[in-house]
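The residues making up each chain are set out below.
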Amino acid sequence: ENNNANKGVGEKHDYLKQILNDNNIDGIADAFFTKNEIIWKECLGKSTFNKPINDSTLFGICSISKNLTSLAVMFAVQDGLLDLDSPIIKYLPDFKVNSCYEESPEDKITLRMMLSNTAGFTHEAPIGNNVDYSCKSKQEHWNSIRETWLKFPVNTGYSYSALGFDLAA
C-alpha cells in the first residue's frame, strides 16, 4: 500500500464536505487513480434519487462526452477521414431534420456547425435524452432527432445542443 495514499485523508474528507455545504450540493464522488490502481476515493451525500452515493453509484458523463467526441472528430479530420465543412449528409445520407426556415437544412449542416452549436438543433432528442432512459439503441435515438425542429436557420445563431455531438459521434 502506498504510504502517501493515506496522507491527508481527513483533510480531503473535510474539503469535500465543505464543497457540499458551501455549494448546496447533495452528493459527490471523488477519486484519484493511476492506470493500475485507485489511490484514494470517497463518496459523500445522496444521489438525485435520494440514495446514498457509494462505489456502485452510476453517474452520467453528460457533456464531458462532447469534448471526447470533438477530439475524435478532429483526429479523423487530421487523418483526412472527415471534412469539417462538408454537409453532414455526406456521412449520414439518410439524415433529415425539420425546419420552418429553409428546405433541406441537412444539405447545409456541417460537422463544424454541429461541434460549435450553430446548426440550429434543439437541446435534446425526444428519445434517448438526459431524462429518457427508455431508448433501446443509438439508432432509435438518432432516428428521433429527425422529429425535432431547428430553432433558427442553419449557421445563423448559437444554441447549446447535444444533438450535433450525438450525430458527430
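One structure accompanies this document, and this report is about it.

Cut-offs and rules
- Counting restarts for each chain, with residues numbered from 1 along the sequence as it is written.
- Thresholds applied to this predicted model are a pLDDT of at least 70 for local features of residues and 80 or more for the giving and counting of side-chain atom pairs; totals over whole chains, interfaces and linings are not thresholded and use all residues.
- With hydrogens and water stripped out, all remaining heavy atoms of the structure feed into the side-chain values.
- By convention in these notes, a salt bridge is any Lys or Arg side-chain nitrogen within 4 Å of a carboxyl oxygen on Asp or Glu.
- Numbering goes from the N terminus for both helices and strands, where a helix is a DSSP run of H or I of at least four residues and a strand is a run of E of at least two.
- Here the term buried applies to any residue with accessible area under 20% of the maximum for its type, exposed to any over 50%, and partly exposed to those in between, with areas from a 1.4 Å probe on protein chains only.
- The pairing criterion for strands is at least two bridges between them, as found by DSSP.
- Working definition: a ring pair exists when centres of Phe, Tyr or Trp rings (six-membered ring for Trp) sit within 6.5 Å. Plane angles under 30 degrees give stacked, over 60 give edge-to-face, the rest tilted.
- Nonpolar side chains (Val, Leu, Ile, Met, Phe, Trp, Tyr) are joined into patches within 5 Å and like charges within 9 Å, using only residues with over 30% relative accessible area and no salt bridge.
- Per-residue and other accessible areas follow the Shrake-Rupley method at a 1.4 Å probe size, with only the shown protein chains counted as cover for residues.
- Note on contacts: a residue pair is in contact if any heavy atoms of the two residues lie within 4.5 Å.

### Points about the pattern of salt bridges
In total, this model carries four salt bridges according to the counting rule given. Asp55 is the partner of Lys41 in a salt bridge, and the nearest nitrogen-oxygen pair spans 2.7 Å. Of this pair, Lys41 sits in strand E2 (residues 38-45) while Asp55 sits in the loop between E2 and helix H2 (64-78), placing them 14 residues apart in sequence. The exposure class of Lys41 is partly exposed, given its relative accessible area of 44%. Salt-bridge contacts for Glu106 lead to Lys96; the nearest nitrogen and oxygen are separated by 3.8 Å. Placement of Glu106 in the loop between H2 and helix H3 (111-115) and of Lys96 in the loop between H2 and H3 is noted, with a sequence separation of 10 residues between them. Given the relative accessible area of 4%, Glu106 is considered buried.

### Some points on the pairing of strand E1 (residues 27-33)
Each regular strand displays side chains that alternate between the two surfaces of the sheet. Pairing geometry for E1 and E2, over seven bridges, is antiparallel. Bridge assignment links Ile28 to a residue of E2, and that residue is Leu44. In this antiparallel pair of consecutive strands, E1 and E2, the connection spans four residues.

### Description of the packing of aromatic side chains
Counted according to the given criterion, the structure contains two aromatic pairs. When the ring of Phe32 is compared with that of Trp40, the centres are 5.4 Å apart and the planes differ by 35°; the resulting orientation is tilted. A relative accessible area of 40% means that Phe32 is categorised as partly exposed. For the pair Phe95 and Phe121, a centre-to-centre distance of 6.3 Å together with 75° between the ring planes defines the contact as edge-to-face. With Phe95 in the loop between H2 and H3 and Phe121 in the loop between H3 and helix H4 (138-145), the pair connects residues that are 26 residues apart, well separated along the chain. Judged by its relative accessible area of 3%, Phe121 falls in the buried class.

### A look at a nonpolar patch on the surface
A cluster of nonpolar side chains, contributed by Ile61, Ile64 and Leu68, occupies part of the molecular surface with about 310 Å² of accessible area. Since its relative accessible area comes to 53%, Ile64 is described here as exposed.

### Concerning the environment of Thr69
Topologically, Thr69 is positioned in helix H2. Judged by relative accessible area, Thr69 falls into the buried class, the value being 13%. Thr69 sits 100 residues away from Ala169 along the chain, and the two C-alpha atoms are 5.8 Å apart. Beyond its immediate stretch of four places on either side in the chain, Thr69 contacts Phe165, Ala168 and Ala169.

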